[in-house]
Amino acid sequence: MISTWESVIVVLLALVNGARNEGGIQPCAKIQMSSSVVPLGSPVTATCIIREDCRLATGQAVHIEWQLADRFIPSSPGANESSRVSQVVIPSFNHTRAFLTCCVQGSPSQVVGGVEIRAGYPPEAPQNLRCQTNLTTPNTLTCSWDPGQKETHLLTKYTLHTEIWDSNVHNIYELPVGVHQHIIPRTGFVLFSDMTVYVKAVNELGEATSAPLILEPVSSAKFDTPMIQFIQTAPQRFGCLKLSWSLSPHQTWMSDYRLSVEVRIKTADSSQWREEPVPKAKMTRPVDLCRLLHGTRYVAQIRIRYKQSPWSEWSSSESGVTLESAPTGLLDSWTKVSRDDRHESLNIQLFWKPSKQFHANSQNVSYSVSVSKLPSEKGKVCSTTGNYCSFQISRKERKVYLSAVNAAGRSPPTEVRIYSPKDVSVISDVLVDPQDDRSFLVQWKSPLSAGLTGFVVELRPLLKPELSFTQFEIADRNHTSLVITGSFEPYKPYGISVYPRFKDGIGLPRTVNAYSRQKAPSIVPKITIKNKWQSQIELSWDEIPLFQRNGIIKDYKVIYWKEKGSINVATADPKERRVVLTDLDSLSLYQAFMRVSTSGGTLNGSIITFEMEPFDTVLIIVLASGVGLLCFIFFIVMTCFSNHKRLKGRFWPVVPDPANSSIKRWTSESTQDSYLSSDEEPNPVYLSHLSFLDLPAKLSKEDHDDLWLNSSEDTSDLGESICGSPFIPGYSGSNSDSVPYATVVFSGPCSSPTPTGPPVYLRSESTQPLLESEESFSPKCYQNMATDQRPTEQCFFGPDHDCITKERKDLETLWDDFPFLRALAMNDAEND
């Protein structure tokens, strides 16, 4: 459109500046050149001739200028501009379309003539000519071609030429610009007659013709998709199927011609097709498909063509089952054994899969495990239709037998040896490299140890605990890598274990987790503050659930910063899930968030805020508690092991028990022991609960009572004696560990003569209760339990209403019965 307007403007300017004559207004100048259409990049020569009657060149010298598009170009040397003729040479015309104008120099310059120059390339010969017949109603022949890769930049016309050999008819079909195919009607061809077809391309720079195509229209026909009528089992023929097919209804007239038929077939659980040509096929005769597996369901498709015509599309799938026969071949197995000590048996997990030589030969196959090689219900331990079995057997069993069973029979038994697990680990550096969504490359390292026979590589989906999803592969002892194939879900974890196999058992495995593809985790765990110190803080978090990891966690990063401070990063070990941030400023507000990364991506968590305290109150509380506890323990230890009697008595006072006192236990033996010879020291145990006091000779009742109230001695310490003990040198009551419950009071001082009356016993004022109930101030009568005398009651602790003496012994007999009182008498004698 722009070039058209430019052409109009140039013509108008030339006419406005032109000369008027008898024929009307003529341009002032005329441009002469060999052709206005030139090859792109070729040189161009043009001459401008100004008319004599041009008003712009009257009465003055003429100076001519050239302009190509919007650029001025110099005229060629040697041109005689004074004679109103100018010539220009363009060495290389690189425009596909441009205007060349001739101008008279002035103010401004005036256009006196112009011409449009177009450039391009001659057409290429059309390529890839092809024709296809449509056998539907109406029949047509469609031919198409490629114009060539090189753009001509010029208008190119295509014509389709057909020549029928039998009738010598030559048809030419002209095509619209830019169209590169044509549909020939049924009148323009004969189905079973050869014809020649070619295409011619023409533009202003030349023409080109395609290579001729010789064809029989019916041989170029693409048939409609055929139909499979049925697939059935060939009777009495193992491994064979019969397939019956037909053409589409409006192409059945071709059924009498010999067509090429091709069948592709596969097992129902496979994705790989196997194509087989069918020679001499006719629609009226079924196709035999043989050399197939027994008792197996197959899926088949069919396509057809005539001679060298294109193949039809594949038909829809139909299936059939071959005749059953007993399973053949052995099974590959993998056994995991553990001990059951409670029942003295072995727990067995047995997995199996078809080997390369195994054929089930049936659609319904079950598997039987027995401890007996011969088929018997007695030794059977397991029967299932799956790919694994769990059972218990006696520790004495060394092998079991695995068989496949169908309606036609059973396979030869596969012998599976039972080995106890070995506590041996020889596998190291297990690496798993996902190849794609259908395979893992597993590599490991292992020394060639004695007895090593091979390896077992086990794969199981960690999110599917069912044993039926377990896969395994067996490798030789010389192999250190293996490819496991299957359909693996992306972003789901798989556990891959490598077990060493020995002659006498299975060693310990090495296990790693793997993903076929990884991406960023679905969640980021929440950060919690575990501990806080003055300049440090410990952060922890929970483990990401397995189904939300989407890959193997590489690391946890905690990014933290304070207001107007630099950003810091702390990296945590994925196994520990904790990190300690150090060198933090007290009384500062910090923000932090976590970043979790896998090999497939990274995810950031939410921001938390925490503030550092000026001092660590928790630590102070812990230290104070520790110091207090240590002081308490020290106090308890010092109290328990202290030798200070007053301190010890304050916390653990000795409460005397009169029922268990030495006076209570005056048996005949103790009485005999109490008789001392003149050179024999008395036993101090009898005096351990007595203290001695000396009083004035005459005491009134009031003085007697005031003695305990006004005494300068602390009467609560009843073990302290005024006069001391005559038996133990330096003895005093305060050195005793026991608290006495009675004090013997003498009627005179220690140096006074022996009193004529009996000693007086006073009750101690100890705060500890002696008995549960006390009725009288003075002790009651006690009974002498000596076995060599009859029990007699005598009162030695003062008068009492309940104790009336019937007979009075002399004083010597009295001391013999009571050795303690005898000791008192001896004390009086020494004082005298």
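Just so it is clear, the structure is predicted and the values come from calculations on it, not from any experiment.

**Regarding the overall build of the chain**
For the chain, the helix and strand inventory stands at seven helices and 54 strands. Expressed as a percentage of the 832 residues in the chain, the buried residues total 39%. Partitioning the contacts of the chain with sequence separation of at least 6, the portion at a separation of at least 24 is 63%. With the model as given, the accessible surface of the chain reaches about 48,000 Å², and the carbon-plus-sulfur share is 52%.

**Looking at the nonpolar core**
Grouped together as the largest cluster of nonpolar side chains are 43 residues, with contacts concentrated most on Leu-160, Phe-223, Leu-243, Trp-245, Leu-259 and Leu-289. Not counting chain neighbours up to four residues away, the residues in contact with Phe-223 comprise Leu-135, Leu-247, Gln-251, Met-254, Leu-259, Ile-304, Arg-305, Tyr-306 and Ser-312. With 25 residues, the next largest nonpolar core counts Cys-28, Ala-46, Leu-68 and Cys-102 among its residues.

**A closer look at the sheet that holds strand β9 (residues 97–104)**
Strand order in the open sheet made by the five strands is β4-β10-β9-β6-β7, with mixed pairing throughout. Looking at strand neighbours, the two that pair on one side only are β4 (37–39) and β7 (71–73), the edges of this open sheet. Neighbour to neighbour, the strand axes of the sheet diverge by 35° on average, direction disregarded. In this sheet, β9 lies alongside strand β6 (residues 64–68) in antiparallel orientation, the contact comprising five bridges. The partner of Ile-64 across the bridge, within β9, is Val-104.

**Some details on the state of the cysteines**
Inspection of the entire model under this criterion finds four disulfides. Bridging Cys-48 to Cys-102, the disulfide has an S-S length of 2.0 Å. The sign of the -85° torsion about the S-S bond sets the Cys-48-Cys-102 disulfide as left-handed. Within this pair, whereas Cys-48 is found in strand β5 (residues 44–50), its partner Cys-102 is found in strand β9, the two being separated by 54 residues in sequence. Pair check on accessibility: Cys-48 and Cys-102 agree, each one buried. The residue that forms a disulfide with Cys-131 is Cys-143, at a sulfur-sulfur distance of 2.0 Å. With the S-S dihedral at roughly 110°, the linkage between Cys-131 and Cys-143 falls on the right-handed side. On the criterion of sequence distance, the pair formed by Cys-131 in strand β11 (residues 127–134) and Cys-143 in strand β12 (residues 140–146) is long-range, its members being 12 residues apart. On the basis of relative accessible area, Cys-143 is assigned to the buried category, the value being 0%. You can see Cys-103 has no disulfide; the closest cysteine sulfur is in Cys-102, sitting 6.6 Å from it. In this structure Cys-103 comes out as buried when scored by relative accessible area, which is 2%.

**Let's talk about the pattern of salt bridges**
Scanning all chains against the criterion turns up 21 salt bridges. Linking Lys-464 and Glu-489 is a salt bridge whose minimum nitrogen-to-oxygen distance equals 3.2 Å. Of this pair, Lys-464 sits in the loop between β36 (452–461) and β37 (471–476) while Glu-489 sits in the loop between β38 (481–485) and β39 (494–502); the two residues are 25 residues apart in sequence, bridging distant segments of the chain. With relative accessibility at 31%, the residue Lys-464 sits in the partly exposed group. By relative accessible area, which is 35% here, Glu-489 ends up partly exposed. For Glu-543, the salt bridge is made with Arg-549, and the minimal N-O distance between the two is 2.6 Å. Residue Glu-543 is classed as partly exposed on the basis of its relative accessible area, which comes to 45%. Through salt bridges with shared partners, one network takes in Arg-237, Lys-242 and Asp-288.

**Brief notes about the sheet that holds β12**
An order of β11-β12-β15 is seen for the three strands of this open sheet, with the pairing classed as antiparallel. A strand with exactly one partner marks an edge of an open sheet, and here the two such strands are β11 and β15 (181–184). Across the sheet, the mean angle separating the axes of adjacent strands is 15° when strand polarity is ignored. Summarising the sheet, β12 and β15 pair through four bridges and their orientation is antiparallel. What sits directly across from Leu-141, in β15, is Ile-184.

**Structural notes on the side chain of Ser-368**
Looking at where Ser-368 falls in the secondary structure, it is placed in strand β28 (residues 366–370). Its relative accessible area of 7% is what places Ser-368 among the buried residues. Setting aside residues no more than four positions away along its own chain, Ser-368 makes contact with Lys-380, Cys-382, Ser-383, Tyr-401, Leu-402, Ser-403, Val-405 and Arg-410.

**A few points about the environment of Thr-101**
The residue Thr-101 is located in strand β9 in this model. The buried category is assigned to Thr-101, whose relative accessible area is 8%. Separated by 10 residues in the primary sequence, Thr-101 and Val-111 place their C-alpha atoms 6.8 Å from one another.

**Describing the packing of aromatic side chains**
Under the criterion given, the structure shown has 13 aromatic pairs. An angle of 55° between the planes, with centres 4.9 Å apart, marks the rings of Trp-334 and Tyr-499 as tilted. Here Tyr-499 lies in strand β39 and Trp-334 lies in strand β26 (residues 331–340), a separation of 165 residues in the sequence. We note that Trp-334, like Tyr-499, is buried. Above the plane of the ring of Phe-189 lies Arg-186, whose end atom (NZ or CZ) is 5.2 Å from the centre. If you follow Lys-353 out to its NZ or CZ, it ends over the ring of Phe-472, 5.1 Å from the centre.

**Here's the deal with unusual backbone geometry**
For Ala-69, which is not glycine, the phi dihedral falls at a positive 60°. Looking at the element boundaries, Ala-69 is found in the loop between β6 and β7. On the basis of relative accessible area, Ala-69 is assigned to the partly exposed category, the value being 42%. The phi dihedral of Asn-550 is positive, around 65°, even though this residue is not glycine. Taking the relative accessible area as the measure of exposure, Asn-550 reaches 6% and is therefore buried.

What counts, and at which threshold
Residues numbered from 1 in each chain as written. Predicted model: local features only at pLDDT ≥ 70, side-chain atom pairs only at ≥ 80, totals over all residues. Heavy atoms only, no water. Helix = DSSP H or I, 4+ residues; strand = E, 2+ residues; numbered from the N terminus. Buried < 20%, exposed > 50% of the residue type's maximum accessible area, 1.4 Å probe, protein only. Contact = heavy atoms within 4.5 Å. Areas by Shrake-Rupley, 256 points an atom, 1.4 Å probe, with all protein chains shown as cover. Core = buried A, V, L, I, M, F, W, Y, C linked by side-chain atoms within 4.5 Å. Pairing = 2+ DSSP bridges. Axes fitted to C-alpha atoms, helices over the stretch in contact; angles between N-to-C directions. Disulfide = S-S within 2.5 Å. Salt bridge = Lys/Arg side-chain N within 4 Å of Asp/Glu carboxyl O. Phe/Tyr/Trp six-rings, centres within 6.5 Å; stacked < 30°, edge-to-face > 60°. Lys NZ or Arg CZ within 6 Å of the ring centre and 35° of its normal.

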